Amino acid sequence: MFKAEIKADTLKTLVNVISTVVDEVKIAIHPDSLGIRAIDPARVAMINIDVSKEAFVSFEADEGEMGFDLDKIKNIIKLAGPGDTILMEHDPNQGRLSMTIGNIIRRMSLVDTNGMNDPSVPPLELGTKVQINADLLQKGMRATETIDSDHIKMEADSEGFTLSCDNDLDFASLKVPASELKALEAQQHVASSYSRDYFSNIVKSIPGNVPVSLQFDPDYPIKLLFELSDGNAHASYLLAPRIEGE
Amino acid sequence: MFKAEIKADTLKTLVNVISTVVDEVKIAIHPDSLGIRAIDPARVAMINIDVSKEAFVSFEADEGEMGFDLDKIKNIIKLAGPGDTILMEHDPNQGRLSMTIGNIIRRMSLVDTNGMNDPSVPPLELGTKVQINADLLQKGMRATETIDSDHIKMEADSEGFTLSCDNDLDFASLKVPASELKALEAQQHVASSYSRDYFSNIVKSIPGNVPVSLQFDPDYPIKLLFELSDGNAHASYLLAPRIEGE
Amino acid sequence: MFKAEIKADTLKTLVNVISTVVDEVKIAIHPDSLGIRAIDPARVAMINIDVSKEAFVSFEADEGEMGFDLDKIKNIIKLAGPGDTILMEHDPNQGRLSMTIGNIIRRMSLVDTNGMNDPSVPPLELGTKVQINADLLQKGMRATETIDSDHIKMEADSEGFTLSCDNDLDFASLKVPASELKALEAQQHVASSYSRDYFSNIVKSIPGNVPVSLQFDPDYPIKLLFELSDGNAHASYLLAPRIEGE
């Protein structure tokens with residue numbers, strides 16, 4: 001069984017982050033938490049979130065799993081006003097999820113989770129670490145939008161962090177000195193490139209005031225670590241590198 | 001002759017409600033009121049509004065009739081700021097309506113009313129009556145929007161009122177207990193179905209804080225009764241039932 | 001060299017006004033000012049703006065010229081928050097302009113100014129003069145939008161000013177009496193017609209609280225004179241007349 005109440009805003013943020021990777025998702029249900037692990041269809045990005053029961057207003061669950069259609073969930077969240085809570089309940093007999101907001105009830109069939117893979121998170125030790133608020137990354141990504149290019153470059157050294165995008169005609173960068181970063185570990189100058197669209201999507205889905213830890217090394221995936229739901233949900237996002245010459 | 005001044009907001013609401021049924025409308029002009037009676041092209045819905053002269057800031061009129069293009073009227077209303085009044089004047093010689101907002105004058109040819117029918121309002125005594133604010137109905141209809149179905153179901157019994165929509169995969173409902181309804185008359189459990197789009201359109205056009213009286217019986221049209229313009233306009237809307245098996 | 005800092009709002013207004021005429025513009029750079037003179041591709045409208053160094057937060061420049069892609073500039077301005085300033089710097093070696101907003105740097109190649117003409121401003125002494133705030137002209141133009149016509153008519157006499165648009169079915173006007181005009185010079189009744197779209201575009205690009213001086217005579221271009229950047233930029237806009245029978 002699964003019966004949990006959650007603030008609409010909390011659910012909205014979680015759904016927005018997950019839906020940068022997949023449209024349908026398998027949720028692992030545990031007595032004290034939910035687990036989400038999903039890889040995008042092109043196998044370029046992976047999201048991994050653990051949501052503890054403290055992220056919920058109330059939470060009762062047995063071990064199990066459910067498949068969600070995220071677009072349907074988003075549409076229901078739109079019915080909630082500010083401060084509203086949403087009651088989510090799984091009816092295993094009918095294979096349905098019901099969501100209740102005040103006088104409104106919305107029930108939907110769950111998505112079949114057979115065939116949904118269980119991606120394993122690759123063990124990665126990345127040497128370069130930068131911590132920076134999501135809104136600054138969002139601003140940097142907006143600056144790159146009008147440039148005809150499909151990748152961005154991350155750079156760091158002991159002086160600071162630079163996110164940039166360029167082609168023959170245009171160049172945009174966000175350059176943050178070490179003094180304005182929340183954390184910085186960079187042994188030497190390091191540079192690595194990633195897909196602009198993927199990085200832009202994940203960065204836009206994170207609330208602006210959330211600190212994001214970026215971990216990267218040349219030709220390795222970049223890892224984004226951040227907390228949601230007032231620290232009650234731990235998220236990590238992996239994005240494959242763009243190898244030069246590809 | 002017809003010369004009347006009206007608050008832009010009042011006119012806007014009236015035009016929005018009428019234009020859920022028709023694009024062009026014939027207005028019957030009386031010395032103390034206006035009368036609107038219109039049926040939609042598919043003959044599924046009918047609107048009937050009496051607007052007393054008290055809904056206007058000033059009102060002078062002889063018996064007559066005028067044909068309006070509602071889209072043109074809507075566009076003129078958009079020119080008004082909050083609190084602006086609109087002076088409407090009929091020039092019978094030119095067959096034109098002039099509308100004045102401050103320094104702006106907009107004149108338009110009237111629509112030919114020959115060939116516009118005068119629908120008669122069918123006498124209907126409906127047994128089930130529910131009164132509920134428009135914003136709650138709007139919320140209920142929004143909950144049904146993502147469901148692939150073209151009709152909704154109304155139900156009432158002594159316990160309360162339910163508006164719902166479903167198909168094999170999805171279900172949405174607004175369920176209001178008797179204690180939260182403004183009025184409830186239901187001898188027994190009653191259920192009847194109607195077109196979702198038509199019902200959604202009329203409900204969205206009514207200001208949220210307006211109480212709407214729903215009157216229905218199985219396989220009969222549903223009647224919506226509500227007041228606009230601070231009680232100076234009385235509206236009734238009839239919508240044909242969806243007979244099961246159709 | 002060119003290195004200047006300007007408030008994002010000031011730059012935005014200047015760019016909006018210029019881009020009603022051209023997408024790419026040549027800017028003449030002087031030690032104490034910038035000069036913009038551009039004619040639209042159809043040769044119907046001309047803009048002429050002198051921006052003194054007082055419009056800038058800081059300004060250092062040698063004599064020269066630069067070609068700007070206005071869409072790129074607009075996109076960068078969108079990155080600025082309220083109150084932000086933008087540092088613009090020309091790198092003559094690379095032929096690039098760099099724009100800096102906080103931690104964001106955006107560099108772009110300049111547009112080739114060879115082949116961009118230097119339109120000469122025709123000497124025009126126009127007899128009829130009307131001064132009126134831009135927001136009133138904007139409201140008048142909005143009133144004409146739903147009328148199927150491609151020109152508008154300006155009229156003035158000692159009583160006041162009228163802007164109007166009509167066809168066989170519809171008529172819209174803004175009529176401002178002399179007492180509500182900021183200035184009025186009209187020896188006799190004068191009427192002249194101009195392209196609705198061109199006039200609408202320039203009028204919409206001017207901030208609402210800016211007084212606009214309209215100067216016109218029958219079958220002559222209309223001249224709009226207005227100040228931007230708190231009086232530190234002087235703009236004139238010329239629009240060819242629509243000759244009756246054309």
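Residues numbered from 1 in each chain as written. Chains lettered and ligands numbered in written order. Predicted model: local features only at pLDDT ≥ 70, side-chain atom pairs only at ≥ 80, totals over all residues. Heavy atoms only, no water.

Trainee: Tell me what's going on with the pattern of salt bridges, and back it up with residues and numbers.
Mentor: A full pass over the atoms with the stated rule returns 21 salt bridges over all chains. In this structure, Glu89(B) and Lys3(B) form a salt bridge, with 4.0 Å as the shortest nitrogen-oxygen distance. Within this pair, whereas Glu89(B) is found in strand β7 (residues 85-91), its partner Lys3(B) is found in strand β1 (residues 2-7), the two being separated by 86 residues in sequence. In this structure, the salt-bridge partner of Asp170(C) is Arg106(B), at a minimum N-O distance of 3.2 Å. With Asp170(C) in strand β13 (residues 170-177) and Arg106(B) in strand β9 (residues 104-109), this residue pair bridges two chains. For the pair Asp170(C) and Arg106(B), one class covers both residues: buried. Several salt bridges converge on common partners, so that one network encompasses Lys72(A), Arg106(A) and Asp170(B). (Salt bridge = Lys/Arg side-chain N within 4 Å of Asp/Glu carboxyl O. Helix = DSSP H or I, 4+ residues; strand = E, 2+ residues; numbered from the N terminus. Buried < 20%, exposed > 50% of the residue type's maximum accessible area, 1.4 Å probe, protein only.)

Trainee: So what's going on with the relation of the copies chain C and chain A? Which residues, and what values?
Mentor: Least-squares fitting of chain C to chain A yields an RMSD of 0.0 Å, with the transformation described by 0.0 Å of translation along the axis and a rotation of 120°. Such a combination of turn and shift is consistent with a three-fold rotation axis. Considering only C-alpha atoms, the residue of chain C closest to the rotation axis is Pro82(C), which sits at 15 Å. (Least-squares fit on C-alpha atoms with pLDDT ≥ 70 in both.)

Trainee: Quick rundown of the sheet that holds strand β4 (residues 45-52) of chain A? Include the residues and the values.
Mentor: Residue and element names in this part refer to chain A. Spatially, nine strands are ordered β6-β2-β3-β4-β18-β17-β16-β10-β14 in an open sheet, and the strand pairing comes out antiparallel. The sheet terminates laterally at β6 (64-69) and β14 (183-185), the two strands that pair on one side only. Pairwise comparison of adjacent strand axes, ignoring direction, gives a mean angle of 20° for this sheet. As paired elements, strand β17 (residues 222-228) and strand β18 (residues 233-239) share seven bridges and run antiparallel to each other. Counted as the bridge partner of Leu 228 is Ala 233 from β18. Strand contacts of helix α3 (residues 134-144): β10 (128-133) and β16 (211-216), with the helix running at about 95° to β10, the strand carrying the most contacts. Together, β4, β16, β17 and β18 form the strand contacts of helix α4 (residues 196-205), whose direction differs from that of β17 by roughly 15°. (Pairing = 2+ DSSP bridges. Axes fitted to C-alpha atoms, helices over the stretch in contact; angles between N-to-C directions. Contact = heavy atoms within 4.5 Å.)

Trainee: I'd like a description of the pairing of strand β15 (residues 190-195) of chain A, backed by residues and values.
Mentor: Residue and element names in this part refer to chain A. Of all six residues that make up β15, five are buried, and the element is covered over most of its length. In this sheet, β15 lies alongside strand β11 (residues 151-157) in antiparallel orientation, the contact comprising six bridges. Each bridged residue has a counterpart across the sheet, and for Ile 152 the counterpart in β15 is Tyr 194.

Trainee: Which residues make up the interface of chain B and chain A, and what values go with them?
Mentor: Each side of the interface is counted separately: chain B has 19 residues, and chain A has 13 residues. For the interface between chain B and chain A, the tally reads two salt bridges. Here chain B is connected to chain A by nine residue pairs in polar contact (both at pLDDT 80 or more). It is strand β13 (residues 170-177) of chain B that contributes the most residues to the side of chain B that touches chain A, eight residues altogether. Residues belonging to the side of chain B that touches chain A are distributed by class as follows: nine nonpolar, four polar and six charged. Taken together, the five bridges between strand β9 (residues 104-109) of chain A and β13(B) define a ladder with antiparallel strand orientation. Each bridged residue has a counterpart across the sheet, and for Ile105(A) the counterpart in β13(B) is Ser173(B). (Polar contact = N/O pair within 3.5 Å; in protein donor to acceptor, adjacent residues only side chain to side chain. Nonpolar A, V, L, I, M, F, W, Y, C, P; charged D, E, K, R; others polar.)

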